[in-house]
Amino acid sequence: MSDGGTTRVDVVLVGAGIMSATLGALLRRLEPDWSITVIERLDAAAAESSSPWNNAGTGHSALCELNYTPQRADGSIDITKAVTINEQFQVTRQFWAYAIENGILADRGFLNPVPHVSFVRGADRVAYLRRRRAALAGNPLFARTELIDDPDEFARRLPLMAAKRDFSEPVALNWADDGTDVDFGALSKQLLGYCVRNGATALFGHEVRNLTRRSDGSWTLAISNRRTREKRTLNARFVFLGAGGDTLPLLQKSGIKEAKGFAGFPIGGRFLRSGKPELTAAHRAKVYGVPAAGAPPLGALHLDLRYVNGKSWLVFGPYAGWSPKFLKYGHASDLPRSIKPDNVLSMLGVGVREMTLVNYLISQLRLSHPDRVRVLREFAPGALDSDWELTAAGQRVQVIRRDKRKGGVLEFGTTVVGSEDGSIAGMLGGSPGASTAVPIMLDVLRRCFAQRYQAWQPVLKEMVPSLGAQLSQEPALFDEVWTRGSKVLKLGVS
Ligand SMILES: Cc1cc2nc3c(=O)[nH]c(=O)nc-3n(C[C@H](O)[C@H](O)[C@H](O)COP(=O)(O)OP(=O)(O)OC[C@H]3O[C@@H](n4cnc5c(N)ncnc54)[C@H](O)[C@@H]3O)c2cc1C
């Protein structure tokens with residue numbers, strides 16, 4: 001519908017990454033008659049953080065990431081965070097299975113089974129890993145995790161990491177066969193394709209420059225065609241800002257009070273990559289180490305088998321990169337322009353306290369190629385400089401939140417910020433990220449469409465049969481949804 005040159009729609013999704021794509025597919029299914037427009041500033045979908053080369057492709061389910069199982073002062077292991085992350089991934093997994101069964105996704109190639117493995121060196125850490133395994137063993141979500149500390153078994157499972165290794169130093173693995181590698185780019189494109197085939201409009205090469213609230217509670221978006229500079233406006237009852245790093249500036253432009261005090265700090269990622277068949281054949285897992293001192297929680301190094309466009313790759317990192325851009329294809333002015341009177345104290349508070357992070361970033365930026373490969377040799381002792389190339393991944397804009405006592409706190413999770421009336425919401429932060437897109441978008445639906453959420457329950461329960469339940473407390477239900485998901489997604493039922 002058009003209103004004096006302004007097109008009116010029910011829903012606008014800003015950005016064509018995994019978050020908007022997931023929300024679009026959910027809404028398309030729940031409300032087939034609503035008009036939906038997706039606006040993307042680049043010429044392709046999933047070209048920022050959701051591109052397979054801009055993230056690590058780990059289906060984060062806390063099977064191997066050691067930052068989710070910290071050790072308490074008494075030496076016991078806190079598994080609370082690991083259980084939460086795994087529960088979230090189970091929701092995502094169920095929706096993907098539903099999407100395959102219902103023709104939303106036609107190609108399962110975006111998802112591949114790859115073992116998730118934690119790797120430690122040294123007697124103390126081996127003891128930690130043993131306690132971690134014991135703490136997780138009683139939980140149905142982690143029951144199949146194995147502990148491996150025998151060098152021969154280590155070498156059988158991880159030949160690349162065993163070659164030239166000095167096994168006089170104790171090493172151990174927590175091994176979970178249930179892990180996945182995910183091409184979130186291929187997945188986003190399929191989900192958006194489903195939306196467009198079913199009536200949604202996608203505007204590529206168009207940037208949302210501003211947004212203002214009208215007296216009826218709807219939003220007018222000022223949009224610019226980046227090639228022709230042509231301007232247009234769009235009016236929407238509901239706006240989702242799935243603009244990755246650009247979500248914070250857009251929330252600031254919206255003027256909603258809920259966004260006040262938030263600031264962002266960009267941290268880029270870089271990886272070493274090799275497609276050499278002898279190497280990919282000798283490493284068939286995603287292996288996560290212990291986070292380095294000062295590194296952000298998801299900065300733990302990992303050596304990963306990846307599948308992109310049907311080819312196997314090895315990827316090692318992340319090494320931190322730094323630029324003031326909020327998007328990989330953003331502007332150097334992104335960070336300075338995001339500093340406002342309402343968030344300057346939050347920024348300063350963090351700047352003063354996060355010196356360890358700053359020192360870590362500086363040390364990362366100083367690394368040369370031989371330095372990076374030397375770090376890789378902690379995982380693959382025989383690694384050669386010439387087999388590996390450096391690639392630049394995406395930008396993660398970490399959330400800085402106002403804090404009365406400290407001025408501001410730096411967070412590494414994901415936060416949905418939205419207006420009280422539910423007419424606009426945006427997603428800030430990037431961890432655990434794309435793997436939890438489905439539960440995060442279900443949360444957006446619950447918060448922004450409170451009046452309809454109850455009526456949507458039957459369809460939502462078809463999509464995610466465990467909705468509202470805690471699978472770690474319901475082993476029979478977990479078994480049921482796990483087995484069904486494994487079969488539909490062809491992840492192998494063990
Ligand atoms: C180094 C790194 C490693 C990661 N590893 C993992 C991992 O292993 N597993 C995992 O689950 N997650 C991982 N993540 C996180 C994951 O990549 C992100 O959480 C996820 O891709 C974010 O999706 P999104 O849709 O919010 O943003 P994006 O994919 O960044 O999409 C945002 C889109 O919005 C567009 N846009 C921005 N501004 C505008 C505007 N004004 N108008 C129109 N369009 C606009 C952008 O061009 C972009 O296409 C990683 C991230 C990084 C950076």
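Higher on the page you've got the structure.
Rules used throughout
- Sequence order as written defines the numbering, with residues in each chain counted from 1.
- Totals for whole chains, interfaces and linings use all residues, but because this is a predicted model, local features are given only for residues with pLDDT of at least 70 and pairs of side-chain atoms are given and counted only at 80 or more.
- The side-chain values count all of the structure's non-hydrogen atoms but skip hydrogen atoms and water molecules.
- Classification of ring pairs uses Phe, Tyr and Trp, with its six-membered ring standing for Trp, and accepts pairs whose centres are within 6.5 Å; under 30 degrees between planes counts as stacked, over 60 as edge-to-face, and the remaining range as tilted.
- Secondary structure elements are taken from DSSP: a helix is a run of H or I of four residues or more, a strand is a run of E of two residues or more, and numbering for both begins at the N terminus.
- Per-residue accessibility, obtained with a 1.4 Å probe over protein chains only, is compared with the maximum for each type, and a residue is labelled buried under 20%, exposed over 50%, and partly exposed between these values.
- Only heavy atoms enter the contact rule, under which two residues are in contact if any of them lie within 4.5 Å.
- Criterion used throughout: strands pair if DSSP finds at least two bridges between them.
- Think of each axis as a best-fit line through the C-alpha atoms, taken over the contacting stretch in the case of a helix, with angles from 0 to 180 degrees between the N-to-C directions.
- Should an angle fall under 35 degrees it is called roughly parallel, over 145 degrees roughly antiparallel, and 65 to 115 degrees roughly perpendicular, with every other angle called oblique.
- In this scheme the crossing of two helices becomes right-handed for a clockwise turn of the near helix relative to the far one and left-handed for an anticlockwise turn of less than a right angle.
- When we say a residue is near a molecule or strand, we mean one of its heavy atoms is within 4 Å of it.
- Here a polar contact means two N or O atoms within 3.5 Å. Within protein one must be a hydrogen donor candidate and the other an acceptor candidate, and residues neighboring in sequence count only if both atoms are side-chain atoms.
- Under the scheme applied, nonpolar residues are Ala, Val, Leu, Ile, Met, Phe, Trp, Tyr, Cys and Pro; charged residues are Asp, Glu, Lys and Arg; polar residues are all the others, including Gly.

Q: For the packing of aromatic side chains, give the residues involved together with the corresponding values.
A: Under the counting rule described, the total for this entry stands at 15 aromatic pairs. With centroids separated by 5.7 Å and ring planes inclined at 40°, the aromatic side chains of Phe478 and Trp482 adopt a geometry described as tilted. Of this pair, Phe478 and Trp482 are both found in helix α15 (residues 475-488), four residues apart, which corresponds to roughly one turn of the helix. Relative accessible area serves as the criterion here: at 6%, Phe478 is assigned to the buried category. Relative accessible area serves as the criterion here: at 10%, Trp482 is assigned to the buried category.

Q: Got a sec to walk through the side chain of Ser338? Specific residues and values, please.
A: Relative to the helices and strands, Ser338 resides in helix α9 (residues 334-338). With a relative accessible area of 1%, Ser338 lands in the buried category. Here Ser338 is in contact with Leu248, Gln252, Phe326 and Asn343, once residues within four sequence places are set aside.

Q: Give me the pairing of strand β12 (residues 231-241): which residues, what numbers.
A: One ladder, built from eight bridges, connects strand β2 (residues 6-14) with β12; its direction is parallel. Bridge assignment links Val12 to a residue of β12, and that residue is Val239. Relative to β12, strand β11 (residues 219-225) is paired through six bridges, and the arrangement is antiparallel. Residue pairing across strands places Ala222 opposite Thr233, the latter belonging to β12. Following β11, the chain reverses through five residues before pairing antiparallel with β12; Arg229 in that reversal takes a positive phi of roughly 65°. Inspection of the sheet shows β12 paired to strand β20 (residues 424-429) by three bridges, in the parallel sense. Counterpart to Phe240 in the pairing with β20 is Ala425.

Q: Can you tell me about the sheet that holds strand β14 (residues 286-288), naming the residues and giving the values?
A: Spatially, β6-β7-β5-β14-β15-β16-β13-β17-β18 is the arrangement adopted by the nine strands of the open sheet, whose pairing is mixed. With partners counted over all chains shown, the strands left at the sheet margins are β6 (146-148) and β18 (407-411), one partner each. Each strand of the sheet is rotated relative to its neighbour by a mean of 30°, with strand direction disregarded. Note: strand β13 (residues 263-274) against strand β16 (residues 311-321), six bridges, orientation antiparallel. Looking at the pairing, Ser274 lines up with Leu314 of β16. Packing against the sheet, helix α3 (residues 123-137) makes contact with β5 (116-121), β6 and β7 (171-176), and its axis sits at approximately 25° to β7. Contacts between helix α10 (residues 344-353) and the sheet are confined to β13, β17 (389-403) and β18, with β18 contributing the most and set at about 65° to the helix.

Q: Tell me what's going on with the environment of Trp313, and back it up with residues and numbers.
A: Tracing the chain through its elements places Trp313 in strand β16. Distance from Trp313 to Asp166, taken between C-alpha atoms, is 26 Å for residues 147 residues apart in sequence. Residues in contact with Trp313, not counting those within four places in the same chain, are Trp53, Arg273, Ser274, Gly275, Thr280, Asp304, Leu305, Arg306 and Val308.

Q: Residue-level account of the packing of helix α2 (residues 80-101) against α15, with values.
A: Look at α2 against α15: their axes get within 9 Å of each other, and the N-to-C directions meet at 45°. Comparing their axes, α15 and α2 come out oblique. Crossing of α2 against α15: the hand is left-handed. Only Phe478, Val481, Trp482, Arg484, Gly485, Ser486 and Val488 of α15 make contact with α2, whose side of the interface consists of Gln90, Arg93, Gln94, Ala97, Ile100 and Glu101.

Q: Before we move on, could you go through the site of the ligand and cite the residues and values that matter?
A: Of all residues adjacent to the ligand, which total 37 residues, the nearest are Glu40, Ser50, Thr58, Asp246 and Ser435. In the environment of the ligand, an oxygen atom lies 3.3 Å from a nitrogen or oxygen atom belonging to the backbone of Gly57. Of all elements in the fold, only α1 (18-30), β3 (36-40), β10 (206-213) and β17 reach the threshold of two or more residues within the shell around the ligand. Among the residues making up the shell around the ligand, the classes are represented as 15 nonpolar, 16 polar and six charged.

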